[in-house]
Amino acid sequence: MGKAIHRRSFIQRAGAGTAVTITALSRSGMGANDRIQIGCIGTGGRCRRLMTDLKEILSARIVAVCDLWDHNLMAAKELAGPDVSTTKNYHDILENQSIDAVIIASPDHLHVPMTVDACEAGKDVYVEKPLTHDLSEGARVVEAQNKHKRIVQVGMQQRSMPQIRKAHEIMKSGALGKVHKVHLTWNRNSPTKEKHTYGINPGDLDWKQFLGPAPDQPFDEHKFRNWRFYWDFGGGDFDGSDGALP
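Computed from a predicted structure; not experimentally measured. (Residues numbered from 1 in each chain as written. Predicted model: local features only at pLDDT ≥ 70, side-chain atom pairs only at ≥ 80, totals over all residues. Heavy atoms only, no water.)

As a further point, take the side chain of Ser 106. Counting through the fold element by element, Ser 106 comes out in the loop between strand E4 (101-104) and helix H6 (111-120). For Ser 106, a relative accessible area of 5% puts it in the buried group. Leaving out residues up to four positions away in the same chain, Ser 106 has contacts with Ile 41, Gly 42, His 111 and Met 114. (Helix = DSSP H or I, 4+ residues; strand = E, 2+ residues; numbered from the N terminus. Buried < 20%, exposed > 50% of the residue type's maximum accessible area, 1.4 Å probe, protein only. Contact = heavy atoms within 4.5 Å.)

As structure tokens, this is what we get:
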């Protein structure tokens, strides 16, 4: 079996499962020449956490990192190693024919454009949740995935956590009897919405690329660092608050 088939088979099997499944597959004895070449796009805190796990997977190798902010880009390079290539433009990664798949951990409003572009470039995709910034974008991703015969996996690891799987088993077994009410509490003690001064140099980042499909607007460091709380970029936080800011 050739190198390309090995890679495709690995990604197909891994894409159907969880991070735990991927780790298990990585120990199946694939040769050094069959390692999956990975590019990481949007290397903030969440992506770097994924990169830490990815480095433990022997059948995968991070070969390129991309972020539009120098701070995140250099932190990712330090984590990935001195041989990794760096860029502020994610199209550079998609144009790299040696890269098999990408991790997309950018702000929410960029998930769909980047995922569609990656599919069109022939890359398989792991994209962080939520897949879409707006529900209307969903069909566009499905169309790109099907048209280009790519694998797109969305980061929903919580659904595969042992305690969640066990709770599902208990519910399905009928052991709880008829459930009349479910009460959920999500506590998040964070002052994120308060305005802070970060001292970010606009010259260290590509603000226009950050905006992407969002309306044009001047650089705002609070929006840049707390994009999740602004409707142009995110959907708020599930913390019982009023959601995002205008």
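We are not done yet, so read on.
What follows concerns the environment of Val 142. Following the sequence through the fold, Val 142 ends up in helix H7 (residues 138-148). Separated by 10 residues in sequence, Val 142 and Val 152 have C-alpha atoms that sit 8.8 Å apart.

Further remarks concern the pattern of salt bridges. This model, assessed by the stated rule, comprises 7 salt bridges. Across the pair Asp 70 and Lys 88 runs a salt bridge, and its minimum N-O distance is 2.8 Å. Highlighted residues: Asp 70 in helix H4 (residues 70-80) and Lys 88 in the loop between strand E3 (85-87) and helix H5 (90-94), separated in sequence by 18 residues. When its relative accessible area of 28% is taken as the criterion, Asp 70 is described as partly exposed. Between Arg 228 and Asp 108 there is a salt bridge; the shortest N-O distance is 3.9 Å. Highlighted residues: Arg 228 in the segment after helix H10 (221-225) and Asp 108 in the loop between E4 and H6, separated in sequence by 120 residues. Exposure remark for Arg 228: the relative accessible area of 32% places this residue in the partly exposed category. It is possible to trace a salt-bridge network through shared partners that takes in Arg 46, Glu 128 and Lys 129. (Salt bridge = Lys/Arg side-chain N within 4 Å of Asp/Glu carboxyl O.)

Counting buried residues along strand E1 (residues 36-41), 6 of its 6 residues qualify, which places the element largely inside the surrounding structure. For E1 and strand E2 (residues 60-66), the ladder comprises 6 bridges, and the chain directions are parallel. In the sheet register, Ile 38 faces E2, and the bridge partner there is Ile 62. For E1 and E4, the ladder comprises 4 bridges, and the chain directions are parallel. (Pairing = 2+ DSSP bridges.)

All of the buried residues in H4 are Asn 72, Leu 73 and Ala 76. All buried residues of H4 project into a common sector of 100 degrees when viewed along the axis, lining one side. The inward-facing, buried residues of H4 abut helix H3 (45-54), E2 and E3. Positive phi shows up at Gly 81, right after H4, with a value of about 120 degrees. (Arc of directions from axis to C-beta.)

What follows covers the nonpolar core. Membership of the largest hydrophobic core comes to 21 residues, with the highest contact counts inside it found for Ile 41, Ile 93, Val 102, Ile 104 and Val 125. Top element by residues in this core is H6. It accounts for 5 residues. What Val 102 contacts, discounting residues up to four positions off in sequence, is Gly 39, Ile 41, Ile 93, Leu 94, Ala 118, Lys 123, Asp 124, Val 125 and Tyr 126. One finds Ile 57, Ile 62, Val 84 and Ala 101 within the second-largest nonpolar core, a separate group that totals 18 residues. (Core = buried A, V, L, I, M, F, W, Y, C linked by side-chain atoms within 4.5 Å.)

Relative to the helices and strands, Ile 170 resides in helix H8 (residues 162-173). Taking the relative accessible area as the measure of exposure, Ile 170 reaches 34% and is therefore partly exposed. Those residues within four positions of Ile 170 in sequence are excluded, and the remaining contacts are Ala 175 and Leu 176.

With that settled, consider the confidence of the model for the protein. Here the protein shows a mean pLDDT of 84. Residues at 70 or above account for 79%. Here residues 1-30 scores under 50 on pLDDT; set against residues more than four positions off or in separate chains, the count is 46 contacts. Every residue in residues 239-246 is under pLDDT 50, and counting partners more than four places away or in other chains gives 17 contacts. (pLDDT = per-residue confidence, 0-100.)

Moving on, we get to the packing of aromatic side chains. Per the stated rule, a full pass over the model turns up 6 aromatic pairs. Chaining the aromatic ring pairs together yields one cluster made of Trp 69, Trp 207, Phe 210, Phe 219, Phe 224 and Phe 233. (Phe/Tyr/Trp six-rings, centres within 6.5 Å; stacked < 30°, edge-to-face > 60°.)

Okay, the packing of H3 against H4 next. Running from N to C, H3 and H4 cross one another at 10 degrees; their axes reach a closest spacing of 10 Å. Taken as axis vectors, H3 and H4 run roughly parallel relative to one another. Across the interface between the two elements, Arg 48, Met 51 and Thr 52 of H3 pack against Asn 72, Ala 75, Ala 76, Leu 79 and Ala 80 of H4. Residues belonging to the contact of H3 with H4 are distributed by class as follows: 5 nonpolar, 2 polar and 1 charged. (Axes fitted to C-alpha atoms, helices over the stretch in contact; angles between N-to-C directions. Parallel < 35°, antiparallel > 145°, perpendicular 65-115°, else oblique. Nonpolar A, V, L, I, M, F, W, Y, C, P; charged D, E, K, R; others polar.)

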